[in-house]
Amino acid sequence: MAQKKSVKVTVYMDWLLYDIMNETFLRGRTIQDDKNYKEVASMFASEDEENQEKILRSVKRAFAEVQTELPEYLDEDGTETDNANMKEDEDLVLNLVMPSNFNEAATKGIGEAVHDYIAKTAIADWYLVTNKGDADAYAALAQKSMESIRKAVSKRSRPRRPADRG
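Residues numbered from 1 in each chain as written. Predicted model: local features only at pLDDT ≥ 70, side-chain atom pairs only at ≥ 80, totals over all residues. Heavy atoms only, no water.

Enquirer: Describe the overall build of the protein chain, with residues and values.
Expert: In terms of helices and strands, the protein chain carries 5 helices and 2 strands. Relative to its length of 166 residues, the protein chain is extended, with a C-alpha radius of gyration of 19 Å against a globular reference of 15 Å. Across its three principal axes, the protein chain shows a C-alpha extent of roughly 80 × 35 × 20 Å. Burial analysis of the protein chain (166 residues in total) assigns 37% to the buried set. Roughly 11000 Å² of accessible area belongs to the protein chain as shown, and the carbon and sulfur atoms make up 48% of that amount. Across the protein chain, the centroid of the 24 positively charged side chains sits 10 Å from that of the 31 negatively charged ones. (Helix = DSSP H or I, 4+ residues; strand = E, 2+ residues; numbered from the N terminus. Rg over C-alpha atoms; globule rule 2.2 N^0.38 Å. Buried < 20%, exposed > 50% of the residue type's maximum accessible area, 1.4 Å probe, protein only. Areas by Shrake-Rupley, 256 points an atom, 1.4 Å probe, with all protein chains shown as cover. Lys, Arg positive; Asp, Glu negative; His and termini not counted. Charge placed at Lys NZ, Arg CZ, Asp CG, Glu CD.)

Enquirer: For the environment of serine 145, give the residues involved together with the corresponding values.
Expert: Locating serine 145 in the fold gives a position in helix H5 (residues 132–153). Of the residues examined, serine 145 reaches a relative accessible area of 6% and is grouped as buried. Separated by 46 residues in sequence, serine 145 and proline 99 have C-alpha atoms that sit 22 Å apart. Those residues in contact with serine 145 that lie beyond four places of it in its chain are Ala113, Asp116 and Tyr117. (Contact = heavy atoms within 4.5 Å.)

Enquirer: Break down the nonpolar core for me, citing the residues and quoting the values.
Expert: Residues Val59 and Leu96 are the most contacted members of the largest nonpolar core, which totals 45 residues. Mapped by element, the contributors of at least two residues to this core are strand E1 (5–11), helix H1 (13–31), helix H2 (37–43), helix H3 (49–69), strand E2 (92–98), helix H4 (107–130) and H5. Take this core: its biggest share by element is 11 residues, from H4. Beyond its immediate sequence surroundings of up to four residues, leucine 96 is in contact with Lys5, Ser6, Val7, Val9, Leu70, Tyr73, Leu74 and Ile110. (Core = buried A, V, L, I, M, F, W, Y, C linked by side-chain atoms within 4.5 Å.)

Enquirer: Quick rundown of the packing of aromatic side chains? Include the residues and the values.
Expert: Per the stated rule, a full pass over the model turns up 3 aromatic pairs. Note on tryptophan 15 and tyrosine 18: the rings are 5.9 Å apart at their centroids and 85° apart in plane angle, and the pair reads as edge-to-face. With a gap of 3 residues between them, tryptophan 15 and tyrosine 18 both fall in helix H1, about one helical turn apart. Under the relative-accessibility criterion, tryptophan 15 is labelled exposed at 53%. When its relative accessible area of 41% is taken as the criterion, tyrosine 18 is described as partly exposed. Both rings, one in phenylalanine 25 and one in phenylalanine 44, keep their centres 5.3 Å apart while their planes meet at 50°; by these two values the pair is tilted. A residue pair is termed long-range when its members are at least 10 positions apart, and phenylalanine 25 in helix H1 and phenylalanine 44 in the loop between H2 and H3 qualify at 19 residues. (Phe/Tyr/Trp six-rings, centres within 6.5 Å; stacked < 30°, edge-to-face > 60°.)

Enquirer: Give a detailed account of the layout of surface pockets, specifying residues and quantitative values.
Expert: The space that makes up the largest pocket amounts to roughly 510 Å³. Listing elements by their share of the lining of the largest pocket, those giving two or more residues are H3 and E2. A per-class count over the lining of the largest pocket returns 7 nonpolar, 4 polar and 7 charged. Considering only enclosed or pocket space, the second largest pocket measures out at about 180 Å³ in volume. Taken together, Lys8, Val9, Thr10, Val11, Tyr12, Trp15, Thr107, Lys108, Gly111, Glu112 and His115 make up the lining of the second largest pocket. In terms of residues, the lining of the second largest pocket owes the most to one element, H4, which gives 5 residues. (1 Å grid on protein atoms, 1.4 Å probe; cavity = no way out; pocket = protein on both sides within 12 Å on 5 of 7 lines; lining within 4 Å. Points joined across faces, edges and corners; volume = space filled by probe spheres on them. Nonpolar A, V, L, I, M, F, W, Y, C, P; charged D, E, K, R; others polar.)

Enquirer: Please provide a residue-by-residue account of the packing of H3 against H5, values included.
Expert: Contact geometry of H3 with H5 gives a least axis separation of 11 Å together with a crossing angle of 35°. Crossing handedness for the pair H3 and H5: right-handed. Residues Glu65, Val66 and Glu69 of H3 touch H5, and the partners they reach there are Met146, Ile149 and Arg150. When the residues that make up the contact of H3 with H5 are grouped by side-chain class, the tally is 3 nonpolar, no polar and 3 charged. (Axes fitted to C-alpha atoms, helices over the stretch in contact; angles between N-to-C directions. Left-handed = near helix turned anticlockwise from the far one by under 90°.)

Keep in mind these numbers describe shape, not what the thing actually does.
So, in structure tokens, the structure goes:
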């Protein structure tokens, strides 16, 4: 019988936070004009404590949603949780146990989709407070990323024909 495949997905918090801050900066820069500079400035996510607490809460919730979508693959045991916020230096790790016919080519796709889902969810949450006009668009993008996660973990390899014995 074939062995299951271990897949480890690490989402580095520093890159995740950078992408969130950079996306909000770039979006704000594209809509800024001579009249809305103050509103646009509030759209920019930053590392200021009050901003980061909100973002980290969104990241924690989004990561929990990813875990909720992948229970059949998660290699975790634990029956405890708390409502403490995450730390900015706490990377996110998913240890997955995939079927033996999991197509390993999808591994990077899982990691990228998880990163993108968490980032887009955090941006959507941020924009609910700072830029309501774009919040729904980012929530929709997050849902597309969640669908990519589902598709990637469902990729399977074709069976291989046994070698001839003769």
